[in-house]
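Letter by letter, the chains look like this.
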Amino acid sequence: MIAIPTFPKFDKLSVDHYDLIFGVTEKYDAYSDFNFISLFAWNTDNSAELSMLNDNLVIKLPDYLTGEDVLSLLGDNKIDKTINTLFEFTSGLKLVPEVVVNSINEPAQLIITEDPDNFDYIFSLSKLSKLEGHEYKWKRKRLNRLLRDYGKDLNFTDLSSDIREFKSRVLSIFDEWAKDDTRKAEDIAQEREAIIRLIDHSKNLPKILLTILRNSSSDIGFSINELGEPMSTCHFQKTILGYRNMDIVLTNHISRLLYERGSEDINWEQDLGIAGLRSFKQSYLPTNILKKYRITKP
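Residues numbered from 1 in each chain as written. Predicted model: local features only at pLDDT ≥ 70, side-chain atom pairs only at ≥ 80, totals over all residues. Heavy atoms only, no water.

Some remarks on the environment of Leu13
Looking at where Leu13 falls in the secondary structure, it is placed in the loop between strand S1 (11–12) and helix H1 (18–25). Since its relative accessible area comes to 10%, Leu13 is described here as buried. Ignoring any residue separated from it by four or fewer positions in sequence, one finds Leu13 in contact with Ile21, Phe36, Leu39, Phe40, Asn43, Ala48, Glu49 and Leu50. (Helix = DSSP H or I, 4+ residues; strand = E, 2+ residues; numbered from the N terminus. Buried < 20%, exposed > 50% of the residue type's maximum accessible area, 1.4 Å probe, protein only. Contact = heavy atoms within 4.5 Å.)

As structure tokens, this is what we get:
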């Protein structure tokens, strides 16, 4: 394990930082922006950096939408002093977890605003695996109909032991899914590269669950999750649009797997203000939201 330098010096993020970052993040709620695997996978241009300041973890990474440098921090030690130091190098902080904001002694000295586009969605794995109650009636009805009509032809495969085959099949699913995606080509390409990075390094990243959903003739969806206790993280999940509502089948299956392995909740990360993604995530009824903030000087 390598040490992280003290701010204002930074280290380029590498796989060797896993244990050190986990040693910080395990003390707090599982914010996706500080999740090592998420940081590593999306670091497709190798620009993500990290540092320590007053025993708080500081990260620098490109904004998810604009690509501009973002500074954020995670911790609860000498936060006022830490923020003031960071303001010597930036005009504002983004993706700031609520634990940091709650640790500020003099909030009136700052402009603190919620950033709902970057709130993390948290779901109960027990609820997603059972889909019980009136609130899940529509999801349960769709799931039962799909299992009745296609259940004999559907199967799930955990391909953790054959990474090359898994990658090939996942990318085929992704490319088919991407035909219906309306984002910019460069954004789709970056997500594809992030998936490749995660799969290529999955054997060096503990507790990664790699799953493919297949019908009788073709692969129709995949899910890549990080098993955690008490909270897991869904890093990537896609189902081909032509197979209507199959996301319910895949989500239900993955939720049962993670729940049976000791996880209680799952983080589906943020929606970035994308209306379709927000509607999709909210339809599964999150049980909690991890809030994030922007902080600037008055």
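Side note on the sheet that holds strand S11 (residues 231–239)
On the basis of which strands lie adjacent, the open sheet formed by 7 strands has the order S8-S9-S10-S11-S12-S7-S13 and mixed pairing. What marks the edges here is a single partner per strand, and that holds for strand S8 (155–158) and strand S13 (288–290). Taking the axes of each pair of neighbouring strands and ignoring which way they run, one obtains an average angle of 30 degrees across the sheet. With 3 bridges connecting them, S11 and strand S12 (residues 265–267) associate as parallel partners. Across the sheet, Ser232 pairs through a bridge with Ile266, a residue of S12. Contacts from helix H9 (residues 246–260) reach S8, strand S9 (208–214), strand S10 (219–226), S11 and S12, with the element oriented near 155 degrees to S11. (Pairing = 2+ DSSP bridges. Axes fitted to C-alpha atoms, helices over the stretch in contact; angles between N-to-C directions.)

Observations concerning the pattern of salt bridges
Using the criterion set out here, one finds 19 salt bridges in the structure. Linking Asp33 and Lys292 is a salt bridge whose minimum nitrogen-to-oxygen distance equals 2.5 Å. In this pair, Asp33 sits in the loop between H1 and helix H2 (36–41) while Lys292 sits in strand S14 (residues 292–296), placing the two residues 259 residues apart along the sequence. With respect to class, Asp33 is no different from Lys292; both count as buried. Residues Arg183 and Asp181 are paired through a salt bridge, measuring 3.0 Å at the closest nitrogen-oxygen approach. Residue classification places Arg183 among the partly exposed positions, given a relative accessible area of 29%. (Salt bridge = Lys/Arg side-chain N within 4 Å of Asp/Glu carboxyl O.)

Here we look at the layout of surface pockets
Space inside the second largest pocket adds up to approximately 580 Å³. If you list the elements that add at least two residues to the lining of the second largest pocket, you get H1, H2, S11 and S12. Considering only residue class, the lining of the second largest pocket consists of 13 nonpolar, 9 polar and 6 charged. (1 Å grid on protein atoms, 1.4 Å probe; cavity = no way out; pocket = protein on both sides within 12 Å on 5 of 7 lines; lining within 4 Å. Points joined across faces, edges and corners; volume = space filled by probe spheres on them. Nonpolar A, V, L, I, M, F, W, Y, C, P; charged D, E, K, R; others polar.)

A word on the packing of aromatic side chains
Tallied over the full model, the rule gives 12 aromatic pairs. A centroid spacing of 5.7 Å and a plane angle of 35 degrees characterise the contact between Trp42 and Phe236, whose relative ring orientation is tilted. Remark: Phe236 occurs in strand S11 and Trp42 occurs in the loop between H2 and strand S2 (49–53); sequence separation between them is 194 residues. Among the residues examined, Trp42 registers a relative accessible area of 28% and is labelled partly exposed. Note on Trp268 and Phe280: the rings are 6.1 Å apart at their centroids and 10 degrees apart in plane angle, and the pair reads as stacked. Separated by 12 residues along the polypeptide, Trp268 in the loop between S12 and helix H10 (275–282) and Phe280 in helix H10 bring together distant segments of the chain. What links up through ring pairs into an aromatic cluster is the set Tyr121, Phe123, Trp268, Phe280 and Tyr284. (Phe/Tyr/Trp six-rings, centres within 6.5 Å; stacked < 30°, edge-to-face > 60°.)

Remarks on the packing of helix H6 (residues 137–150) against H9
Where H6 meets H9, the closest approach of the two axes is 9 Å, and the angle between their N-to-C directions is 95 degrees. As judged from the angle between their axes, H6 and H9 are roughly perpendicular. Between H6, through Trp138, Lys139, Arg142, Leu143, Leu146, Leu147 and Tyr150, and H9, the contact on the second element is made entirely by Met246, Ile248, Val249 and Asn252. Residue classes in the contact of H6 with H9 are distributed as 8 nonpolar, 1 polar and 2 charged. (Parallel < 35°, antiparallel > 145°, perpendicular 65-115°, else oblique.)

A word on the environment of Glu49
For Glu49, the location among the structural elements is in strand S2. According to the relative accessible area criterion, Glu49 is buried, its value standing at 14%. Through-space distance from the C-alpha of Glu49 to that of Tyr121 is 25 Å; in sequence the pair is 72 residues apart. Once residues lying within four places of it in the same chain are set aside, the contact partners of Glu49 are Phe10, Asp11, Lys12, Leu13, Val58, Ile59 and Lys60.

Remember, this is a structural readout, not a statement about activity or role.
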